[in-house]
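Observations on chain architecture
Each chain, written out:
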Amino acid sequence: MRDFLLNESVKRLATEAATRFSSLVAMGEEIPFDVAVDAGEDSAFYSYVLMTGSYVLEHCEELRALPSFPAAREAAVEAGVAAPYLEARGETVPADPAARAELMLTTFFASLWEGAAGFSLDRERLETALATLDAESRDADEAEVLIVPLVGLRMSIPRLQLPHGVRVVRADSIEAPVEAMRSEGMGRAAWEPQYLAVADQDADGGAETALQQLRELISVMRIFKGGGIGLGPYAFAPTGEGCWRRIATGAPATRPGGYRLGEAEAEELVDFAAALEARPDPDNALTWAVGRFEMA
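What this report covers is the structure whose coordinates are included nearby. (Residues numbered from 1 in each chain as written. Predicted model: local features only at pLDDT ≥ 70, side-chain atom pairs only at ≥ 80, totals over all residues. Heavy atoms only, no water.)

Moving on, we get to the nonpolar core. A general trend in soluble globular proteins is that nonpolar side chains are found buried together. Counting residues in each nonpolar core, the largest one holds 36 residues, and the members touching the most others are Phe-21, Met-104, Phe-108, Phe-109, Trp-113 and Leu-133. When residues of this core are traced back to their parent elements, those giving at least two are helix H1 (4-26), helix H2 (52-58), helix H4 (69-79), helix H5 (82-88), helix H6 (97-113) and helix H7 (123-137). Phe-108 has contacts with Val-10, Tyr-85, Leu-126, Ala-129, Leu-130 and Leu-133, leaving out every residue within four places of it along the chain. Counting 29 residues, the second-largest nonpolar core is a separate cluster that includes Leu-153, Leu-162, Ala-237 and Tyr-259. (Core = buried A, V, L, I, M, F, W, Y, C linked by side-chain atoms within 4.5 Å. Buried < 20%, exposed > 50% of the residue type's maximum accessible area, 1.4 Å probe, protein only. Helix = DSSP H or I, 4+ residues; strand = E, 2+ residues; numbered from the N terminus. Contact = heavy atoms within 4.5 Å.)

The next subject is the pattern of salt bridges. This structure, assessed with the given rule, holds 12 salt bridges. When the shortest N-O distance is used, the salt bridge between Arg-167 and Asp-200 registers 3.1 Å. With Arg-167 in strand S6 (residues 166-170) and Asp-200 in strand S7 (residues 195-200), the pair connects residues that are 33 residues apart, well separated along the chain. According to the relative accessible area criterion, Asp-200 is partly exposed, its value standing at 36%. In this structure, the salt-bridge partner of Arg-215 is Glu-208, at a minimum N-O distance of 3.2 Å. (Salt bridge = Lys/Arg side-chain N within 4 Å of Asp/Glu carboxyl O.)

The geometry of H1 relative to H4 is characterised by a closest axis approach of 9 Å and an angle of 150° between their N-to-C directions. Classified by the angle their axes make, H1 and H4 are roughly antiparallel. In this structure, the crossing between H1 and H4 has a hand that is left-handed. Facing Leu-5, Leu-6, Ser-9 and Leu-13 of H1, the residues of H4 in contact are Phe-69, Ala-71, Ala-72, Ala-75, Ala-76 and Ala-79. Along the lines of polarity and charge, the residues of the contact of H1 with H4 split into 9 nonpolar, 1 polar and no charged. (Axes fitted to C-alpha atoms, helices over the stretch in contact; angles between N-to-C directions. Parallel < 35°, antiparallel > 145°, perpendicular 65-115°, else oblique. Left-handed = near helix turned anticlockwise from the far one by under 90°. Nonpolar A, V, L, I, M, F, W, Y, C, P; charged D, E, K, R; others polar.)

The next point concerns empty space enclosed by the protein. For the structure on display, the rule yields 1 cavity of 30 Å³ or more. Approximately 60 Å³ is the volume found for the largest cavity. Lining the largest cavity, in full, are Pro-149, Glu-179, Arg-182, Met-186, Pro-233, Tyr-234 and Phe-236. Grouping the constituent residues of the lining of the largest cavity by class yields 5 nonpolar, no polar and 2 charged. (1 Å grid on protein atoms, 1.4 Å probe; cavity = no way out; pocket = protein on both sides within 12 Å on 5 of 7 lines; lining within 4 Å. Points joined across faces, edges and corners; volume = space filled by probe spheres on them.)

Here H6 contains 17 residues, and its C-alpha end-to-end distance of 25 Å stays within 8% of the 24 Å for a straight helix at 1.5 Å per residue. Buried within H6 we find Ala-101, Glu-102, Met-104, Leu-105, Thr-106, Thr-107, Phe-108, Phe-109, Ala-110, Leu-112 and Trp-113. Its side-chain oxygen placed 3.3 Å from the backbone nitrogen of Ala-98, Asp-96 serves as the N-cap of H6. Note on H6: the residue one or two positions beyond its end, Gly-115, has a positive phi of about 80°. (Expected span 1.5 Å × (residues − 1). Polar contact = N/O pair within 3.5 Å; in protein donor to acceptor, adjacent residues only side chain to side chain.)

This part covers the side chain of Thr-249. Topologically, Thr-249 is positioned in the loop between strand S10 (243-248) and strand S11 (259-261). When near neighbours in sequence (up to four residues on either side) are disregarded, Thr-249 contacts Val-148, Leu-211, Arg-215, Gly-232, Pro-233, Tyr-234 and Ala-235.

Looking at the secondary structure, you find Gly-230 in strand S8 (residues 230-231). When its relative accessible area of 1% is taken as the criterion, Gly-230 is described as buried. For Gly-230 and Ala-251, which are 21 residues apart along the polypeptide, the C-alpha to C-alpha distance reads 7.4 Å. If sequence neighbours within four positions are ignored, Gly-230 has contacts with Pro-149, Leu-150, Val-151, Ile-218, Arg-222 and Thr-254.

Take a look at the structure:
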């Protein structure tokens, strides 16, 4: 469900911003542009690309001076949307909540008008931008699954189903964020497939319970056989179309060497995980043993 106050305050601010920026341009302000070269067979054609988003960033004080800006800032603070919105765009997140909200609104409107010929307000484009903003404001616990890149895993099969709604899949077989596909720090060559661990989330446990299940998966895999296997630094929860909430896993560095799993071994791993899950744990003896194993 959308945050009504956030959406309405941003819409009001968008209307005021469109009027203000259009007025500045009408009075002689120039929108910067870039020159793009389209090379043909015999000659090159030049096109001018307006940098409308850059204009908004350069005139952020004009935006902040608008009457509806304080209300939009407060709505963004209350919704808690600023930090995830900025993180998703690679921006530095200010420590102060008000400063975060101000930077978020500036970035939002720069993105809204990026590449536009002017500052007319396209309602359809605004609704699309608000839908993205709404997705950023959703809590990770509302997502159906949690996805974490696995460090060091190499498998001969594309998918592995384990107990408790946990599965391992090739990254190119599901929709996942670009950051989860990177090879840097994943203990694999760039041409080798990335594998993701996926845990189903329920309404009671949420993201933390799903993340604990994935930590337990790593423990089971390490007990099953030696090798370098671990969770990536971040987990990802889908919050909307193409939108993801990033959660730090707190996973330690993975030992080098990688972790190879053949088809026969994969079947044995499933049986091993099921046996551990079904086995009684009197006085938490097994939990204690696994804890000691992990510390070692």
